[in-house]
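Results of the structural survey
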Amino acid sequence: MANAHDTGHQGGHDREGNYGHISVRTYWVVFGALMALMVLTVAAWYTQKHFVHLPEIVAVGIAVSIAIAKTTLIIYFFMHVKVSSKLTQIFAVSAFVWLMILFVIVMGDYMARGWPPAKGPLSQVPVPISAAL
Amino acid sequence: MSTTALINHYATNRATTASAWLKSWLLTVDHKRIAILYLISINVFFLLGGLAASIVRLELVTPQGDLMSADMYNRMFTLHGVIMVFFFLIPGIPSVLGNFLIPLMIGARDLAFPKLNLLSWYLYMGGGLFALCAAVFGGVDTGWTFYTPFSTSYSNSNVVLTIAGAFVMGFSSILTGLNFIITIHKMRAPGLTWFRLPLFIWAHYATSLIQILATPVVAIALLLVLVERVWHIGVFDPAIGGDPVLYQHLFWFYSHPAVYIMILPAMGVISELIATFSRRRIFGYEFVAFSSIAIAILGFLVWGHHMYVSSQSVYSGLVFGFITMLVAIPSAIKVFNWTATLYKGSISYRTPMLYALGFIGLFIIGGLTGIFLSVVAVDIHVTDTYFVVAHFHYVMVGGTMMAYLGGIHYWWPKMTGRMYNEAWGTISALVVFVGFNLTFFPQFIMGYLGMPRRYHVYPQEFQIYHVMSTAGSTILGIGFVIPLVYLLLSLRYGRLAGDDPWDAPGLEWRTSSPPPTFNFETQPIVTEEAYAFQPEAAHL
Ligand code: HEM
Ligand SMILES: [Cu+2]
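Described below are features of the structure shown in this document. None of these values were measured; they are calculated from a predicted model.

What chain A contains, in helices and strands, is five helices and zero strands. Listing each helix as α and each strand as β along chain A from the N terminus yields α-α-α-α-α. Split into buried and exposed, the 133 residues of chain A put 16% on the buried side. For chain A, the accessible area works out to roughly 10,100 Å², and carbon and sulfur atoms hold 73% of it.

Quick look at the structure:
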């Protein structure tokens, strides 16, 4: 399986798993995009502070989305995931899938607390024995 | 094999001066020598951890605190837990047996990154040094789990040093996992397809996945503990705006998968032992292979079963409990398939096989009591009692420790070229088994009756169980010392083992014992399944 895959790519490149080449032009375009996103981050903060007051969750959502876009660009182009083997790409993505498992389940716990309002014998406020008698 | 191979084998001391000899070991990039370095250092840590355990058990003989103060007792069981978990159980089988055997079993010259492998050992030693310094300068009293806010705001012990040790050792673990994954993907011998791999390799592959996916999370969680402890930035302590349960989430997101870092390689060892000593291909090979991967993945979804009483939402608790029961399925698949392999096998009760059979029995008890604990209502009754202590010792000592010992015996002739004394081997396996059960079975009973863990003063009624347990641990300790003695003696007096003392089919037996520096004289080519034992191969 993997053996056939390896031999198919031998010869051309000196480094295993590095199947392609990213042009300098692409690097500059990505760099430009990163700078633009940075400006956007600052602009978003400025708008939030001086013009429209968005609820915190929306504001944070916007900031995090921009950050994710930047991260993706860096990993995909600068860290050569774009031109790596399928296997490398799977491993790169799985790290984030696992991070999502952590976030989703932990947030699930936080959101499910006290939901519905606690009822039942174990959740009642303890009564002093003298009062209960 | 030929004498030339013997002269060139990895253990040969070609150095002429003492310092050159030392250098040839401390700067080696040979996976086999690095495995030996690990073997020595991990056993030293095991002995230290064992010493701490003996002191804990000695204190518990009487219901009063007569040997040490409560504070000292806390430090002692923490020392035991930290050393055993982070410096013995987690690195144990992968770093010693995995390191030595993975390249041999797949017909490669070495691991993919030999220097990284050496770096892993130095990180392990560095982490160990931090932890030992912490112990020498007064110890830690948080338990191996470092629960917040006690660890960040209240403990007056060496939390920072110990956590630094666990943190550094985590990198050793990540690098080892990375090395194994790439080696297994890229360096298999021609013809060695995935479904021809020994199950030991599958198990280590699954383990490595956990190591690279989970360890970074605990590294960050521990770093946050340091940040809060040193700079009082509120992360986990509610008094300064943090959330202590968040720490438990982050910690167990790693530490439950970490119990599979301990047990999966052990299961890989057991598959090899069972196959060789019943001379049969493992029944349902594909199922056993994929159950390792299933355990690795499902193991990430169950961490909340350590948090039933933590103020985690009851709904989360129920879901975690349900998924926890699901993990038992792939574990059971393995046990059933090993048992089916034994059926109509030609079984020989050599020392490694005794350890393997012991493993199966003890792991069943440990696993089944795990299912009791996954039920929220039962767990609330027995959590933080000796029932839990008994559960995890059955899986960690009864499982991982038995497999480690069985594996060391099985591959000892390959690692050293010498056979150990079989009679003493048999005796030690039996002594370990008896001592183990006497130590830990009474703990189920007293735990169920209400004996809490981590207390050294306890009601009179539990004394009988504690005395049994301490007596058992003495026997267990003797069971560990016996192999230490005869294995070391075998280095000088043992008879030469030959290349393939067990008449086993794996690639590691197709080279000299010990193997030459680059493992094989010629590149092996694989043309058959794993575990192709002669009688079976004949009528295929
Ligand atoms: C067969 C599957 C298993 C199940 C269903 C299971 C279930 C559980 C549960 C529910 C707990 C929490 C008990 C409590 O704190 O109240 C627990 C604790 C524990 N288990 Fe398991 N377990 C399994 C296998 C293992 C294995 C294979 C290991 C290690 C090799 C292990 C090691 C531990 C440890 C160390 C703890 C206690 C941690 C602490 O609080 O210090 N378990 N287990
Ligand atoms: Cu767990």
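Residue and element names in this part refer to chain B. For the copper ion (ligand 2), every protein donor is listed as H256 (ND1), H305 (NE2) and H306 (NE2), and the spread of their distances is 1.9 to 2.0 Å. Ordering the donors of the copper ion (ligand 2) by residue number gives the pattern H-x48-H-H. In this structure, the copper ion (ligand 2) lies 4.5 Å from the iron atom of ligand 1.

All names here are of chain B. Counting across every chain of the model gives four cavities of 30 Å³ or more. In this structure, the largest cavity encloses a volume near 70 Å³. If you go around the largest cavity, the residues you meet are R75, T78, L79, V82, I83, A131, A134, A135, G139, V140 and T162. Broken down by secondary-structure element, the contributors of at least two residues to the lining of the largest cavity are α4 (70-89) and α6 (114-136).

Take the pattern of salt bridges next. All names here are of chain B. This model, assessed by the stated rule, comprises eight salt bridges over all chains. A salt bridge links K32 to D30; the shortest N-O distance between them is 3.1 Å. Across the pair, D30 and K32 agree in class, each one buried. E422 is the salt-bridge partner of R350, the closest N and O atoms lying 3.4 Å from each other.

Moving on: the interface of chain B and chain A. Listed as interface residues are 29 residues of chain B and, on the opposing side, 21 residues of chain A. Of the roughly 2,000 Å² buried where chain B meets chain A, counting both sides, 67% is carbon and sulfur surface. For the chain B face of the interface with chain A, the top three residues by lost area are K186, L213 and Y315 of chain B, together amounting to 25%. Counting across the chain B and chain A interface gives zero salt bridges. Inspection of the region where chain B meets chain A yields five residue pairs in polar contact (both at pLDDT 80 or more). Listing elements by their share of the side of chain B that touches chain A, those giving two or more residues are α8 (159-186), α9 (199-231), α10 (244-278) and α12 (314-342) of chain B.

With that settled, consider the layout of surface pockets. Estimates place the volume of the second largest pocket at around 1,500 Å³. Every residue lining the second largest pocket is counted, 42 residues in all, and those nearest its centre are T88, F91 and A92 of chain A together with L178 and I212 of chain B. At the level of secondary structure, the elements contributing two or more residues to the lining of the second largest pocket comprise α4 (86-112) of chain A together with α8, α9 and α10 of chain B. The biggest single contributor to the lining of the second largest pocket is α4 of chain A, with 13 residues. When grouped by side-chain class, the residues that make up the lining of the second largest pocket number 32 nonpolar, seven polar and three charged.

Let's shift gears to the site of ligand 1. All names here are of chain B. Not every one of the 21 residues close to ligand 1 is listed here, only the nearest: W144, D379, T383, H391 and R453. One of the side-chain N or O atoms of D379 is found 2.5 Å from an oxygen atom in ligand 1. A distance of 2.6 Å separates an oxygen atom of ligand 1 from a polar atom in the side chain of T383. Those elements that provide at least two residues to the shell around ligand 1 are α10, α13 (351-374) and α15 (386-416). Looking at the shell around ligand 1 residue by residue, the classes come out as eleven nonpolar, eight polar and two charged.

All right, on to the environment of Y404 of chain B then. All names here are of chain B. Tracing the chain through its elements places Y404 in helix α15. You can call Y404 buried: its relative accessible area is 4%. Ignoring any residue separated from it by four or fewer positions in sequence, one finds Y404 in contact with L39, I42, N43, F88, G92, I93, V96 and L97.

What follows deals with the packing of helix α11 (residues 285-298) of chain B against α12 of chain B. Residues and elements named next belong to chain B. Where α11 meets α12, the closest approach of the two axes is 9 Å, and the angle between their N-to-C directions is 160 degrees. With respect to their mutual orientation, α11 and α12 come out roughly antiparallel. The interaxial crossing formed by α11 with α12 has left-handed handedness. Residue-level inspection shows F287, V288, S291, S292, A294, I295 and L298 of α11 in contact with α12, the latter providing I323, L326, V327, P330, S331, I333, K334 and N337. Split into classes, the residues belonging to the contact of α11 with α12 amount to ten nonpolar, four polar and one charged.

What counts and what doesn't
- Residues numbered from 1 in each chain as written.
- Chains lettered and ligands numbered in written order.
- Predicted model: local features only at pLDDT ≥ 70, side-chain atom pairs only at ≥ 80, totals over all residues.
- Heavy atoms only, no water.
- Helix = DSSP H or I, 4+ residues; strand = E, 2+ residues; numbered from the N terminus.
- Buried < 20%, exposed > 50% of the residue type's maximum accessible area, 1.4 Å probe, protein only.
- Areas by Shrake-Rupley, 256 points an atom, 1.4 Å probe, with all protein chains shown as cover.
- Donors = N, O, S within 2.8 Å, 3.2 Å for Na, K, Ca; no water.
- 1 Å grid on protein atoms, 1.4 Å probe; cavity = no way out; pocket = protein on both sides within 12 Å on 5 of 7 lines; lining within 4 Å.
- Points joined across faces, edges and corners; volume = space filled by probe spheres on them.
- Salt bridge = Lys/Arg side-chain N within 4 Å of Asp/Glu carboxyl O.
- Contact = heavy atoms within 4.5 Å.
- Buried area = accessible area lost by both parts, 1.4 Å probe.
- Polar contact = N/O pair within 3.5 Å; in protein donor to acceptor, adjacent residues only side chain to side chain.
- Nonpolar A, V, L, I, M, F, W, Y, C, P; charged D, E, K, R; others polar.
- Near = heavy atom within 4 Å.
- Axes fitted to C-alpha atoms, helices over the stretch in contact; angles between N-to-C directions.
- Parallel < 35°, antiparallel > 145°, perpendicular 65-115°, else oblique.
- Left-handed = near helix turned anticlockwise from the far one by under 90°.

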